Amino acid sequence: MPTPFRPLNFLALLLAGALALSLALNGFLLYSRAPATVDYEDLQETEADLRLTQRLLTRCQADHQQQDSLLALRPALPAILPTATTSTQ
């Protein structure tokens, strides 16, 4: 007479096998990576581009602040401006 626990044992064995295979594959992928080669010339070039961009951004922000301060000094325009053509009644 077959025991009722046989399907449960098969599923547990299948789950344990999948877990072992997953752990083995993850370990292989984590530790088999080739060491990253660092290209210092590209790194220096990228850093120089970053510094240039920062300087340009700082200059642009300063120009906008100066423009805003000049606009603040400008007198406000009247709400209604007279026009050159007026209708006579």
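Placed above this text is the structure.
Every value quoted in this text rests on a predicted model; they were computed, and no experiment measured them.

Enquirer: Which residues make up the overall build of the chain, and what values do they have?
Expert: Assigned secondary structure in the chain consists of 2 helices and 0 strands. By residue count, 0% of the 89 residues in the chain fall in the buried class. Of the roughly 9300 Å² of accessible surface on the chain, a fraction of 65% belongs to carbon and sulfur atoms.

Enquirer: Summarise a negative patch on the surface; cite the residues concerned and give the values.
Expert: On the surface, a cluster of negative charge is made up of Asp-39, Glu-41, Asp-42, Glu-45 and Asp-49. Relative to the helices and strands, Asp-42 is located in helix α2 (residues 40-73). On the basis of relative accessible area, Asp-42 is assigned to the partly exposed category, the value being 43%.

Enquirer: Run through helix α1 (residues 6-31), naming residues and quoting values.
Expert: Helix length check: α1, at 26 residues, gives a terminal C-alpha distance of 38 Å against a target of 38 Å (1.5 Å per residue), a fit within 8%. Little of α1 sits inside the fold, with 0 of its 26 residues counted as buried.

Enquirer: Let's hear about a nonpolar patch on the surface: which residues, and what values?
Expert: A cluster of nonpolar side chains, Phe-10, Leu-11 and Leu-14, forms an exposed patch at the surface whose accessible area comes to about 330 Å². For Phe-10, a relative accessible area of 53% puts it in the exposed group.

Here is what the cut-offs are and how they apply
Residues numbered from 1 in each chain as written. Predicted model: local features only at pLDDT ≥ 70, side-chain atom pairs only at ≥ 80, totals over all residues. Heavy atoms only, no water. Helix = DSSP H or I, 4+ residues; strand = E, 2+ residues; numbered from the N terminus. Buried < 20%, exposed > 50% of the residue type's maximum accessible area, 1.4 Å probe, protein only. Areas by Shrake-Rupley, 256 points an atom, 1.4 Å probe, with all protein chains shown as cover. Patch = residues over 30% accessible without salt bridge, like charges linked within 9 Å, V, L, I, M, F, W, Y side chains within 5 Å. Salt bridge = Lys/Arg side-chain N within 4 Å of Asp/Glu carboxyl O. Lys, Arg positive; Asp, Glu negative; His and termini not counted. Charge placed at Lys NZ, Arg CZ, Asp CG, Glu CD. Expected span 1.5 Å × (residues − 1).

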